[in-house]
Each structure stands twice: as C-alpha cells, then as structure tokens.
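Structural description and commentary
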Amino acid sequence: MKRIHQLSVNLINQIAAGEVIERPSSVVKEIIENSIDAGSTKIDISISNECRNIRIADNGSGIHPDDVPLIFIKHATSKIENENDLWNISTLGFRGEALASICSIAKVTCFSRTSDFDYGVKVIAENSEIKESKIGCALGTVMEIENIFYNQPARLKFLKSDKTEFSYIQEVVVQAALSRPNIAFSLSHNGSNVLKTNSDGNLLLRIKEISGESVSDNLEAVEKTDRENNIKITGYVSNPQFTRSSKKDIRIFVNSRPVKCPVVLKAIDMGFKNLLPIGKFPYAVLNFEISPSDVDVNAHPTKKEIRWQNPNLIFNFTVSAIDKALTSVNYSKKEVYENDSNPLPFYNTAKSSEDKDDTYFVQNYNKYESKPSVQVNYADKFRQVSSSVSLNFENKKLLEINEDNNQSDVIIGQLKDTYILIETPEGLEIVDQHIADERFLYEKLLSQKEITSQLLLISDVIELEPEEVELLENNKEKLLKFGYEIKKEGDNKIIFKRIPQILSKTSQADIARELINNINGNLDDAENQILITTACKAAVKAGEKLSIWQAEELIKRWRATKNPQVCPHGRPISRVIPIKDIAKFFYRQDK
Ligand code: ADP
Ligand code: MG
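As a starting point, this report considers the structure included with it.

Rules used in this analysis
- Residues numbered from 1 in each chain as written.
- Chains lettered and ligands numbered in written order.
- Predicted model: local features only at pLDDT ≥ 70, side-chain atom pairs only at ≥ 80, totals over all residues.
- Heavy atoms only, no water.
- Phe/Tyr/Trp six-rings, centres within 6.5 Å; stacked < 30°, edge-to-face > 60°.
- Helix = DSSP H or I, 4+ residues; strand = E, 2+ residues; numbered from the N terminus.
- Buried < 20%, exposed > 50% of the residue type's maximum accessible area, 1.4 Å probe, protein only.
- Lys NZ or Arg CZ within 6 Å of the ring centre and 35° of its normal.
- Pairing = 2+ DSSP bridges.
- Axes fitted to C-alpha atoms, helices over the stretch in contact; angles between N-to-C directions.
- Contact = heavy atoms within 4.5 Å.
- Near = heavy atom within 4 Å.
- Polar contact = N/O pair within 3.5 Å; in protein donor to acceptor, adjacent residues only side chain to side chain.
- Areas by Shrake-Rupley, 256 points an atom, 1.4 Å probe, with all protein chains shown as cover.
- Nonpolar A, V, L, I, M, F, W, Y, C, P; charged D, E, K, R; others polar.
- Salt bridge = Lys/Arg side-chain N within 4 Å of Asp/Glu carboxyl O.
- Core = buried A, V, L, I, M, F, W, Y, C linked by side-chain atoms within 4.5 Å.
- Domains from an automatic or database assignment.
- Expected span 1.5 Å × (residues − 1).
- Left-handed = near helix turned anticlockwise from the far one by under 90°.

Attention now moves to the packing of aromatic side chains. Counting across every chain of the model gives 4 aromatic pairs. Considering the side-chain rings of F288 and W308, the 5.5 Å spacing of their centres and the 70° angle between planes classify their relative orientation as edge-to-face. A residue pair is termed long-range when its members are at least 10 positions apart, and F288 in strand 14 (residues 284-290) and W308 in strand 16 (residues 307-308) qualify at 20 residues. Geometrically, the ring pair formed by Y484 and F496 is tilted, given 6.0 Å between the ring centres and 45° between the ring planes. One end of the pair, Y484, is in the loop between helix 16 (476-481) and strand 23 (485-488); the other, F496, is in strand 24 (residues 493-500), and 12 residues separate them in sequence. With a relative accessible area of 0%, Y484 lands in the buried category. Between the NZ or CZ atom of K134 and the centre of the ring of Y119, over which it lies, the distance is 4.4 Å.

Following this line, the structure appears as structure tokens:
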C-alpha cells in the first residue's frame, strides 16, 4: 500500500465536478441559476464549439470586485451563512460548488460589475490559476466557459453529438424560462437564434412563446391552495384531447426550482386516469409554493431531487388540484382537433436523434364521445382519493350553519395547551380540547354513509405481535367499511393501503396500535371502536397550542353535537365553575 497524501485542490474539485457537472447542459443549468439568484431580468445564452463553449450574460446584481476571485473557491457562497439557513433555502444555489467545479474542467472567464462601481472586474480561471484585471463592462455578469472537459478525456469521449447535447441544454433553458416567466431569455446555437422570450410574467404567454399556440390553446389552469398546510399549486395541464407520447413535457417546479418528482408524476397519472389512452401523457407545467422548511432541496448535489416532509399530502393535493382543473371545463364544447401535422415552432428546431417518435399528438375528439363523461369518470376516482383540504372545507361549512347559536361564548384562552377556558353567562367553563373535538368527529363520522379514505402512496411497514396481526386480519371487512384497508405482510407485519382521509397526517403505526387497543376486548363493539379510534386519532391533541380562532371553531362545533357532555369513551368533556361560586370564594356579594 502507498502512503497517504492530501489531494490537490484542483483534483478535489475535479472529483466534485464529476457529481455536479455531468455534461455541458449541467454547466448551463448552474450558470443560469446564478443569474436568476442575482435578480436578473434578462439572461442571454450562446452555445458553440460542439456545446463545449458557453457564454451566459445577465443583467443581475453583479459581483463585488473584491469577491470576484472568491467565486471559484469551493464552498464560497453569498447565499447561506449558517445551519439554519440550510433549512430555509430561497435561492437556487447554496452549496458554493458550481463555479469551483466548472473551473476545474474548463477555462472560465468572468466579467462582472455592480451598480456601486463604474468599473468592472475580469477574472480568468484556467489550470488552477486565477488572473484578475479591471475592465469597463455593463452592469451584471458575463460568464464565458470554454473547452468543457478539456482535461477530462474520458468524459469528453462520452459526450454525444452536438445536436443531442444541445437538446439537453435546450431543455434546461426551457425549464428555466417556464419557471421564471418574468425573466427574458434568449438562446442561440452556433450563432443562430433558437429561442427568445419576453419578460411579462405571464406563464401562459411564456408557454406560447416556447411551444406555440397548438399547446397553449389546449391548456387548463391549475390553481389550488391549502392554507392549513401552506401549499399552493399553480400552472397548466393540457386537456385530455391533447396528449404527448412521453412524460417529457411534464415539468414540475418547487418554489420555481425545476425538480424530478416521482410523487407528483404519480399524482398526475392518477389525475388523468381513464382520461388518456394508454401510452399518452399530458403536457403540464406545475409549480408548488411551499414553505422552504417543508421540503429538503439538499438531497442531491445537482439539487434536482427533493424530499417532501409529507409526500402523501402532496400526492392527494396534486390529484385534487388536477381534478379541479379538468372538471372545470366542458370538453364537448371544445373545438375538435385532428392529429396535428403542423410542426411546433420550437421543438422541431433542434430535435435530437433520440427523440424521433416524440411528436405532438392531438386526440381526435370523437374517440371520447363514446365515453360516458369526463366528469363522471373523475368523480368516481375522487371518491377514492381526496385531499385533506376538502374536508377542512366541509368542517367549516358545518360550522357556518351553527354560527349564530352560541354567541355568548367568549374564549378566554388555553390552560396548559390542553383545556379551553370559556366565559359563559353561567361562569367559567373548562373544556378538554381533545375529547371535545373527538366527540364532534365521532358524531360526524357516525352520520356519514361513507368514510372518505385516502389511498396511501407510501405505506409504513408496521411490526406487530402475530396475535395483533390476527386481530386486525379478523376485522378486515369492518376496517374496510370505515376506511382502513390493511394488508398482512407475513406473520408479524402489516401495512395500510388506505386510511380514513382525516388521518392523513397521523403516524400509521400509532393508528394501528390504537385500533388494536380499542378493538381488543371489545370485539362485539368492533365497528364502534374503529370509529372511536378514527375520531380520537384525528382530534386535536392535548398539549397542542391553538389560536383563539381555532379554539372558537372547536368549541362551536362541539357545542353543536348531540351529546356534548361525554366523550365516546365515557369521560366528561367540560366542567362549569358557576360565577356565584367564584364570587363566594372572593367574598363578593354583588354577583
Ligand atoms: P452558489 O450558487 O451555490 O453560491 P456558485 O459556485 O454557483 O455557488 O457561485 C458562487 C458565488 O458566486 C455565488 O454565491 C454568488 O455570490 C456569485 N455569483 C456567481 N454567478 C453570479 C452572477 N451571475 N451574478 C452575481 N453573483 C454571482
Ligand atoms: Mg450557483
């Protein structure tokens, strides 16, 4: 064995570049991301030399002259400072790796000027040397990358044809342009212009600029907000008469970052189920706005893969957003298209040899007339998969009905985050928030003919004792009736395939445990025990902080129950301390 020695910085960067820079399109992606992060409203991209030379000019903030040499140093970034920032990333870049990697595999020249200086800086990074000089230049930054992989023969050998590499670059630019309709992009290849967009911020117009009217005329707007979970989805999906022969035209963004997202792809499949012929896919541009702390973008060096905090929620939310978009239109009134033989303006300019069969296909409408109705198909599906949003909505509607009944309740606050204190005409009422909510949910579930259940995309494998598995197996039918579909996985494991939709946020193992505890010893009352479990697990917990508004809602809906005084397990729910007792304690005669 040879002795150990430290690798040179350039070699370390080359190794890192292996992860971040796979091909020329990765360089384009990284540089465009930097331009976007710098607040640019105009980004011009020129590609030449078999896609090995890339020039990107932006009109963004520019780089402080003293900082320009730092951009090539690994882990040098202006975008995050401490660990907390890592869980709250609002920029596209944050790892401070891209430029260090790029300059280890290509010659990089950077020109940059900020508005605070009337001169700019030019820096050349080549063969681990950095040369810097003052220069007059426009506001913003120009990055010139030359001879990508000049020192990496193995990688160079694996590059595909100019046309193919350019098609990858084109996709990167299209994604960037779709994610930021407020930025004007231009892309040229070997001197000829391939794409040019204006910057008016309208996504539909942006889609038209990129893909033409035959696409933009066939889109339905998607927009849905889940205030409780702080998620918003916006964008467009094609109507079912317009299809693509691959999933390439489904583009997903999270906080305007292009991502690969199997959960959302699955949800789109589900949203279009029974609406598209086999082997046909929709066109879609969807952006999720979600709190940066609910999604981890640091899962992969290229930042393309993300981790959702709650994938099941995203799945159901997406399905219902697509449903909403598709059921809002009446297809029979739409114009009828024959297979479209007109080439699309943008896609045909640089189609790579791999994409031969990838032509747009517009469904002949007559095929759909024989189907019962788009809405009916979807409605069936919606019964199986629905989002938590609709339920909350339902609750609210229920509340509104009873709104005027109890105006005399004044919520004072919460004691130990467990008891709601209410001023009533009689005195002080103390309500156990968990069991009050449980009462409401229990009665609500009892009154429902069918319990909305949620198909789980990700099921946890739950380990149990063999007799516990038996117990659940023996009550399988009853569980199914109330929204739980279980599957035995060997002698001591089960998974849930569906759970009642109101439990979408509850730990699956906790649900299993509670079902077992409640059914065990109460076998003749199993059905009721299942309902009690659902209500109990879905109810607000003891120790949960509530806003006054939430407490008010909870109390209103509990007051409207048929049996507000005892919980389904028989415990008391509230206790009133009469005002006269309080007055007596303080030796007050008046009240
Ligand atoms: P990261 O984007 O992860 O911070 P990079 O290596 O891509 O890392 O860039 C390093 C730094 O260079 C950035 O943090 C930013 O401060 C600066 N920078 C790079 N490109 C630009 C640009 N076009 N405009 C302004 N600043 C830039
Ligand atoms: Mg970057």
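Turning our eyes to something else, we now look at the pairing of strand 20 (residues 427-432). Moving residue by residue along a regular strand, the side chains alternate between the two faces of the sheet. Strand direction decides the pairing type here: strand 19 (residues 419-424) and strand 20, joined by 6 bridges, are antiparallel. Directly across from T424, in strand 20, lies its bridge partner G427. Counting the residues between successive antiparallel strands, the hairpin from strand 19 to strand 20 contains 2 residues. Sheet topology note: the strand 20/strand 25 (residues 574-578) ladder contains 5 bridges and is antiparallel. Directly across from L428, in strand 25, lies its bridge partner I577.

Further remarks concern the sheet that holds strand 14. Strand order across the open sheet formed by 5 strands is 9-10-14-12-13, with mixed pairing between neighbours. The open sheet terminates on both sides in strands that have one partner only, identified here as strand 9 (219-226) and strand 13 (257-259). Each adjacent strand pair in this sheet contributes to an overall mean axis angle of 20°, direction not counted. Sheet topology note: the strand 12 (residues 250-254)/strand 13 ladder contains 3 bridges and is antiparallel. Counted as the bridge partner of F253 is P258 from strand 13. Strands strand 9, strand 10 (231-238) and strand 14 of the sheet are contacted by helix 10 (residues 311-327), whose axis makes an angle of about 135° with strand 9.

Let's shift gears to the site of ligand 1. Around ligand 1, the surrounding shell holds 21 residues, and the nearest of these are N34, T77, S78, K79 and G96. N34 has a polar side-chain atom sitting 2.8 Å from an oxygen atom of ligand 1. In isolation ligand 1 offers 540 Å² of accessible surface; the protein chains occlude 93% of this area. Partitioning the shell around ligand 1 into residue classes produces 8 nonpolar, 9 polar and 4 charged.

Following the criterion strictly, the structure yields 25 salt bridges and no others. Between D37 and K79 there is a salt bridge, with the nearest N and O atoms lying 2.9 Å from each other. Taken together, the residues D37 in helix 2 (residues 24-37) and K79 in the loop between strand 2 (53-58) and helix 3 (83-86) connect sequence positions 42 residues apart. Looking at D37, the relative accessible area reads 23%, which means it is partly exposed. Since its relative accessible area comes to 25%, K79 is described here as partly exposed.

Glancing now at the nonpolar core. By size, the foremost hydrophobic cluster in this structure holds 57 residues, and its most contacted members are V28, I32, I45 and I145. Of the residues forming this core, the biggest block, 8 residues, is contributed by helix 6 (residues 162-179). Built from parts of two domains, this core gets at least three residues from each of domain 1 (9-196) and domain 2 (203-350 + 352-361). The residues touching I145, leaving out its near neighbours within four places in the chain, are V27, I31, R52, N53, I54, I102, A106, K107 and V108. Counting 36 residues, the second-largest nonpolar core is a separate cluster that includes V237, F288, I290 and I322.

This part is about helix 14 (residues 433-447). Compared with the 21 Å implied by 1.5 Å per residue over 15 residues, the 21 Å span of helix 14 between its first and last C-alpha is a close match. The element helix 14 is extensively covered by neighbouring structure, given that 13 of its 15 residues are classed as buried. With a side-chain oxygen positioned 3.1 Å from the backbone nitrogen of H434, the residue opening helix 14 is D432.

Moving on, we come to helix 4 (residues 98-105). Buried residues dominate helix 4, accounting for 8 of its 8 residues. Taken as a whole, helix 4 has its buried residues at A98, L99, A100, S101, I102, C103, S104 and I105.

Turning to the sheet that holds strand 19, a few remarks are in order. One open sheet holds the 4 strands; their spatial order is 18-19-20-25, and the pairing between them is antiparallel. Looking at the sheet topology across the chains shown, the edges are occupied by strand 18 (410-415) and strand 25. With direction set aside, neighbouring strand axes in the sheet form an average angle of 20°.

The next subject is the packing of helix 17 (residues 508-519) against helix 18 (residues 526-538). In contact at an axis separation of 9 Å, helix 17 and helix 18 are set at 140° when each is read in the N-to-C sense. When the axes of helix 17 and helix 18 are compared, the crossing they make is right-handed. Taking contact as the criterion, the partners of D510, I511, E514, L515, N518 and I519 in helix 17 are, on helix 18, A526, Q529, I530, I532, T533, C536 and K537. A class-by-class count of the residues in the contact of helix 17 with helix 18 yields 7 nonpolar, 3 polar and 3 charged.

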